[in-house]
Amino acid sequence: MAHGSGYSKVLRAVEMEFEAMRFEMQRALIEALFAAGLGKPGLSLDEARRVMWVLTGRAVFEGLVQVGGWSADRYAQWLEAALVAAVVR
């Protein structure tokens, strides 16, 4: 698929819409975390949302599980620890 083709533009638009929805869906969790006083000091709510969005992205999963050979369980355990370390007090 050529980068400049109309088809790739449509796929890119769908991907961007999905990622925006995923980012928005994570809002309530991060807001609840910060409302409970559990947000990491020095990290804004918006920064925490962005960190969560990046760590839960498809590329991270693919890199660790599909390419890196991790099991889904190992990935889930790592992701939980990484999220807690990154955004929780």
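So, here is what we can say about the structure in this document. (Residues numbered from 1 in each chain as written. Predicted model: local features only at pLDDT ≥ 70, side-chain atom pairs only at ≥ 80, totals over all residues. Heavy atoms only, no water.)

**A look at the nonpolar core**
This is how the line gets drawn: For this analysis, a nonpolar core means a set of buried residues of the types Ala, Val, Leu, Ile, Met, Phe, Trp, Tyr and Cys, connected via side-chain atoms within 4.5 Å. Throughout this description, buried means an accessible area under 20% of the type-specific maximum (1.4 Å probe, protein chains only), exposed means over 50%, and partly exposed covers the range between. The way it works is that DSSP assigns letters per residue, a run of H or I at least four long becomes a helix, a run of E at least two long becomes a strand, and they are numbered from the N terminus. Should any heavy atoms of two residues lie within 4.5 Å, those residues are counted as being in contact.
In this structure, Ile 30, Ala 48, Leu 55, Tyr 75, Leu 79, Leu 83 and Val 87 are the most contacted members of the largest nonpolar core, which totals 13 residues. Secondary-structure elements contributing two or more residues to this core are helix H2 (27–35), helix H3 (45–55) and helix H5 (72–87). Here this core takes five residues from H5, the largest share from any one element. If sequence neighbours within four positions are ignored, Val 87 has contacts with Ile 30, Leu 33, Leu 38, Gly 39, Lys 40, Leu 43, Ala 48 and Val 51.

**Description of the side chain of Arg 49**
Relative to the helices and strands, Arg 49 resides in helix H3. Assessed through its relative accessible area of 3%, Arg 49 is described here as buried. If we skip the residues at most four places from it in the chain, Arg 49 touches Phe 23, Glu 24, Gln 26, Arg 27 and Ile 30.

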